[in-house]
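# Architecture and fold: a report
The chain contents come next:
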Amino acid sequence: MKNYAFETNMIHGGYHGDATRSVVPPLFQTNAYYYENAQQAQNLFELKETGNIYTRITNPTNSTFEERVCILEGGVGALSFASGHAAIFNCIVNLANAGDEVVSSRNIYGGAVNLLGVSCERLGIKIRFVDPDDSDAWEAAINDKTRLVFTELIGNPHANISDIEQIAKIAHKHGVPFLVDGTLNTPYLCKPFEFGADFVVHSATKYLGGHGNVMAGVVIDSGNFDFKDNPRFPLYNTGDVSYHGLVFADLKPAELGGKSLSFILRLRALVMRDLGACLAPFNSFLTMIGIETLSLRMERCCENALKAAEFLASHSKVEAVNYAPLPGNKYHKLAQKYLPKGAAGVFSFRICGGKPAAVKFMDSLTLIQSVSNLGDIRTQVSHPATTTHSQMNAEQLAASGIDGGDVRISVGLENISDLIADIENALSKI
């Protein structure tokens, strides 16, 4: 299956048929599975045998979804979660204890800033936020306590693009793994593993599902980060007490040619087992239906977004448009490198007149919805300063470049003439 093209794998990847000969991967709406005998049950719990124990750990529908995304990203394993936030948090606690640290871009989704900077800090995991464009800042923030480096490839809300190849080199120089949030780019537009990322996380709620009807997250492991003999990670290279001394860093199946399964297996067998943020099988089922049209949807939303951005950039009531494909944009060269097929459909623009004008514009839209979501087939807008990033303080908002006049738009699949007409009419009301 991995030898097929992307478009073929997004339709067929991960599904190998079953006894019913169903064309669509079946939905296994069950919470548990019976054992052939007591010995099999013991083997499963001791990780001596693979198979289904409990849907918190594995489920056949979830497994198909995980394998499909893993194939599309080019990884060795994947694990699904109840949301994108759950996926990020579980990655962190799979690597860090109280007293450890994470280095993160500051130009990320506001809810993620709060997750990292408030909730993780409450648990004793310190987060160091840096300017993602400043290589020296990434370097300076890493110390002996650092356990993870994290960024969004396409930042939210201003669509800044992180130079992930450069950040990966800095992280690996210090023996630290690199996690990239690929929610906005999806594996169709960019595969971060090709540029040095060790793990990729998606809020599958967004473009992977694509239809605004599901909450889901997924983590994919490249298999490239070696925890063996790395002093930063005793969680991996010393025996685990709950599995009677199992050393996760030793999990390198011969068929993977030296790649490691230690991160994704520990994430499933220990972190998911204990924290339980598992994805509902029905949500896996819906997300797979969305993935079947991923390339078509991404092509259309990129096309529509560029036309909308060009219109906005030429309008007298718009102060600035933050969309990398536009000539002259700060991130134009990085977009050509990482996102040659398009930079997704999410970007921000600043309306002249500040917050009152932005609010008036949004309230005057009749087709485009005001929604705190993105990556939907429907075009949606939000006001970051008062919604998605409202939990950030004034200093954080300023550092992230978020102003009261900023509007974030997630361009969908509607006819572009209808979208531009709605935008033009709303701007005329200011």
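See the structure shown above.
Analysis parameters
- Residues numbered from 1 in each chain as written.
- Predicted model: local features only at pLDDT ≥ 70, side-chain atom pairs only at ≥ 80, totals over all residues.
- Heavy atoms only, no water.
- Helix = DSSP H or I, 4+ residues; strand = E, 2+ residues; numbered from the N terminus.
- Rg over C-alpha atoms; globule rule 2.2 N^0.38 Å.
- Buried < 20%, exposed > 50% of the residue type's maximum accessible area, 1.4 Å probe, protein only.
- Contact = heavy atoms within 4.5 Å.
- Areas by Shrake-Rupley, 256 points an atom, 1.4 Å probe, with all protein chains shown as cover.
- Lys, Arg positive; Asp, Glu negative; His and termini not counted.
- Charge placed at Lys NZ, Arg CZ, Asp CG, Glu CD.
- Arc of directions from axis to C-beta.
- Pairing = 2+ DSSP bridges.
- Axes fitted to C-alpha atoms, helices over the stretch in contact; angles between N-to-C directions.
- Core = buried A, V, L, I, M, F, W, Y, C linked by side-chain atoms within 4.5 Å.
- Phe/Tyr/Trp six-rings, centres within 6.5 Å; stacked < 30°, edge-to-face > 60°.

## Examining the overall build of the protein
Broken down by element type, the protein carries 16 helices and 12 strands. A compact globule built from 430 residues should have a C-alpha radius of gyration of about 22 Å, and the protein, at 22 Å, falls within 12% of that. Principal-axis analysis of the C-alpha atoms places the extent of the protein at approximately 70 × 55 × 35 Å. Buried residues in the protein amount to 56% of all 430 residues. Contacts spanning at least 24 positions in sequence make up 72% of the contacts within the protein whose residues lie at least 6 apart. Total accessible area computed for the protein in this model is approximately 17500 Å², and 52% of it derives from carbon and sulfur atoms. Computing the positive centroid from 36 side-chain charges and the negative centroid from 44, the protein places the two 2 Å apart.

## Remarks on helix α14 (residues 354–364)
For α14, the full list of buried residues reads Ala-357, Ala-358, Phe-361, Met-362 and Ser-364. All buried residues of α14 fall inside an arc of 165° around its axis, so they share one side. Of the exposed residues in α14, the ones pointing more than 90 degrees away from its buried face are Pro-356 and Asp-363. Looking at the packing, one finds that the buried side of α14 touches β9 (346–351), β10 (369–370), β11 (380–382), β12 (406–410) and α16 (416–428).

## What about the sheet that holds strand β7 (residues 217–221)?
Within the open sheet, the seven strands sit side by side as β1-β7-β6-β5-β4-β2-β3. Their pairing is mixed. Every interior strand has two partners, whereas the edge strands, β1 (77–81) and β3 (126–130), have only one. Here the average twist between neighbouring strands, direction ignored, is 20°.

## With respect to the nonpolar core
Residues Phe-347, Phe-349 and Phe-361 are the most contacted members of the largest nonpolar core, which totals 85 residues. Of all the elements, helix α12 (residues 294–313) adds the most residues to this core, at nine residues.

## Focus on the sheet that holds β10
Read from one edge of the open sheet, five strands run β8-β9-β12-β11-β10, paired in mixed fashion. Edge positions in the sheet fall to β8 (318–322) and β10, since each of these pairs with one other strand and no more. Two elements, β10 and β11, share two bridges in a ladder whose sense is parallel. Of the residues in β11, the one forming a bridge with Gln-369 is Gln-380.

## Thoughts on the pairing of β1
Of all five residues in β1, five are buried; the element is thus mostly enclosed. Side-chain alternation along β1 places Gly-77, Leu-79 and Phe-81 on one buried face and Ala-78 and Ser-80 on a second face that is also buried. Of the pairings in the sheet, the one linking β1 to β7 comprises five bridges and is antiparallel in character. Within β7, the residue paired with Ala-78 across the bridge is Ile-220.

## Considering the packing of aromatic side chains
With the rule as written, the count across this model stands at 12 aromatic pairs. Seen from their ring centres, Phe-282 and Phe-285 are 6.4 Å apart, and the 15° between their planes marks the pair as stacked. Linking Phe-282 with Phe-285, this pair stays in helix α11 (residues 281–291), spanning three residues, or about one helical turn. Assessed through its relative accessible area of 40%, Phe-282 is described here as partly exposed.

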